[in-house]
Amino acid sequence: MKKLESIKEFDGYLERYSHYSECCQCEMVFSIYLPKQAVQEKVPALYWLSGLTCSDDNFRVKAGAQRYASEQGIALIIPDTSPRGEGVMDFPERYDLGIAAGFYVNATESPWDKNYQMYSYIVEELPALIEEHFPVVAGVKSISGHSMGGHGALICALKNPSAYCSVSAFSPICHPTQVPWGKDALGAYLGNDMEKWQQYDAVNLVQNGHKVETILVDQGTADEFLSDQLKPEALIEACEQQKINLNFRMQEGYDHSYHFISSFIGEHIAYHSNFLKKEMGD
């Protein structure tokens, strides 16, 4: 790994690294916030998955999460949203396909399959790297995200319930197989096999018996993408049918932006902290 940056914040350090990813076959960048508690002991971790057009930079700059992570003694792990760099397939005229739009799937269609293995990167490769090189407790982690990253957080937790202590999301793409963003991306990355699509759709996963203990979701009522791209009503119905405890909070007047995320990120970090510390026996 190569350290790119280190900035002191709230008595901890926000650092940025690059490394070669075997999954994605290219250099990947991630940020990590280590609270002051990490100087003396290993701490639990919260993974944050960002949305379309974003990199790791958006969350670490705009969300204000480091203050709350410092208070709770939690490390923040902030990966990129896709592979990048020379030779990585892109669709430059589209913001919702290619670079910054990896959708946290393992692509099976050429040429995307060479680099776009974001699901395995998030679930397997990056946590192994983090736990080897940083003072975080092995296996004690939670996951959250926004929009495309909310979709990613939900599918990672539902497909790997024993790997994460808790899951939450802001404005997630709940039913990607049924909305334009998801149909375009899944069709490109996975081809025409709808069975492959369903493996990365939170609603379909819940309907097919994938379960977690509880899910926290915040959704703004003024979100410009709410009716066409997110489909939260499908997730609510599926969780009711499968008796999953979904705490779905409609937040009046909030949009899809980081103004919304920054307003409630402290509550999400406190929510995850309860589960993480319970796992550690605190």
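Residues numbered from 1 in each chain as written. Predicted model: local features only at pLDDT ≥ 70, side-chain atom pairs only at ≥ 80, totals over all residues. Heavy atoms only, no water.

**Student:** Quick one: what's the story with the overall build of the protein, residue by residue and with numbers?
**Tutor:** Counting its secondary structure elements, the protein contains 10 helices and nine strands. If you line up the protein on its principal axes, its C-alpha atoms span 50 × 45 × 35 Å. Put simply, the protein has 282 residues, and 58% of those count as buried. When contacts within the protein are restricted to residue pairs at least 6 apart in sequence, those whose partners lie at least 24 apart make up 72%. When the accessible area of the protein is evaluated, it comes to approximately 11400 Å², of which 45% is carbon and sulfur surface. (Helix = DSSP H or I, 4+ residues; strand = E, 2+ residues; numbered from the N terminus. Buried < 20%, exposed > 50% of the residue type's maximum accessible area, 1.4 Å probe, protein only. Contact = heavy atoms within 4.5 Å. Areas by Shrake-Rupley, 256 points an atom, 1.4 Å probe, with all protein chains shown as cover.)

**Student:** Outline the packing of helix 2 (residues 65-72) against helix 10 (residues 258-280), supporting the account with residue identities and numerical values.
**Tutor:** Interhelical geometry of helix 2 versus helix 10 gives an angle of 30° and a closest axis separation of 9 Å. Judged by the angle between their axes, helix 2 and helix 10 are roughly parallel. Crossing of helix 2 against helix 10: the hand is right-handed. Across the interface between the two elements, A65, Y68, A69 and Q72 of helix 2 pack against I265, G266, I269, A270, S273 and K277 of helix 10. Grouping the amino acids of the contact of helix 2 with helix 10 by side-chain chemistry returns six nonpolar, three polar and one charged. (Axes fitted to C-alpha atoms, helices over the stretch in contact; angles between N-to-C directions. Parallel < 35°, antiparallel > 145°, perpendicular 65-115°, else oblique. Left-handed = near helix turned anticlockwise from the far one by under 90°. Nonpolar A, V, L, I, M, F, W, Y, C, P; charged D, E, K, R; others polar.)

**Student:** How would you sum up the side chain of H272? Please name residues and give values.
**Tutor:** With respect to the secondary-structure elements, H272 resides in helix 10. The class of H272 is buried, set by a relative accessible area of 0%. Leaving out residues up to four positions away in the same chain, H272 has contacts with L46, S142, I143, S144, S166, V167 and S168.

**Student:** Any chance you could break down the nonpolar core for me, citing the residues and the numbers?
**Tutor:** Nonpolar side chains in soluble globular proteins generally cluster together in the buried interior. The biggest cluster of nonpolar side chains holds 72 residues, and the ones touching the most others in it are F30, F103, I130, I143, Y189, I215 and L235. Not counting residues up to four positions away in its chain, the partners in contact with I143 are L46, Y47, L49, I122, A153, C156, A157, Y164, S166, V167, S168 and H272. Listed in part, the 24 residues of the second largest apolar core include L46, A63, I78 and F275. (Core = buried A, V, L, I, M, F, W, Y, C linked by side-chain atoms within 4.5 Å.)

**Student:** Could you give me a rundown of the layout of surface pockets, with the residues and numbers involved?
**Tutor:** Each pocket or cavity is described by its volume, and for the largest pocket that value is around 260 Å³. Lining the largest pocket we find 17 residues, and of these P161, Y164, C165, S166 and E213 sit closest to its centre. With three residues, helix 10 is the single largest residue contributor to the lining of the largest pocket. Within the lining of the largest pocket, the residues separate by chemical class into eight nonpolar, four polar and five charged. Estimates place the volume of the second largest pocket at around 180 Å³. Along its surface, the second largest pocket is lined by 14 residues, and L52, T53, H146, F225 and H256 are the ones closest to its centre. (1 Å grid on protein atoms, 1.4 Å probe; cavity = no way out; pocket = protein on both sides within 12 Å on 5 of 7 lines; lining within 4 Å. Points joined across faces, edges and corners; volume = space filled by probe spheres on them.)

**Student:** Please provide a residue-by-residue account of helix 5 (residues 180-190), values included.
**Tutor:** All buried positions along helix 5 are accounted for by W181, G182, A185, L186, A188, Y189 and L190. All buried residues of helix 5 fall inside an arc of 165° around its axis, so they share one side. Those residues of helix 5 hidden inside the fold are in contact with helix 6 (194-198) and helix 8 (226-230). At the exit of helix 5 stands G191, carrying a positive phi of roughly 80°. (Arc of directions from axis to C-beta.)

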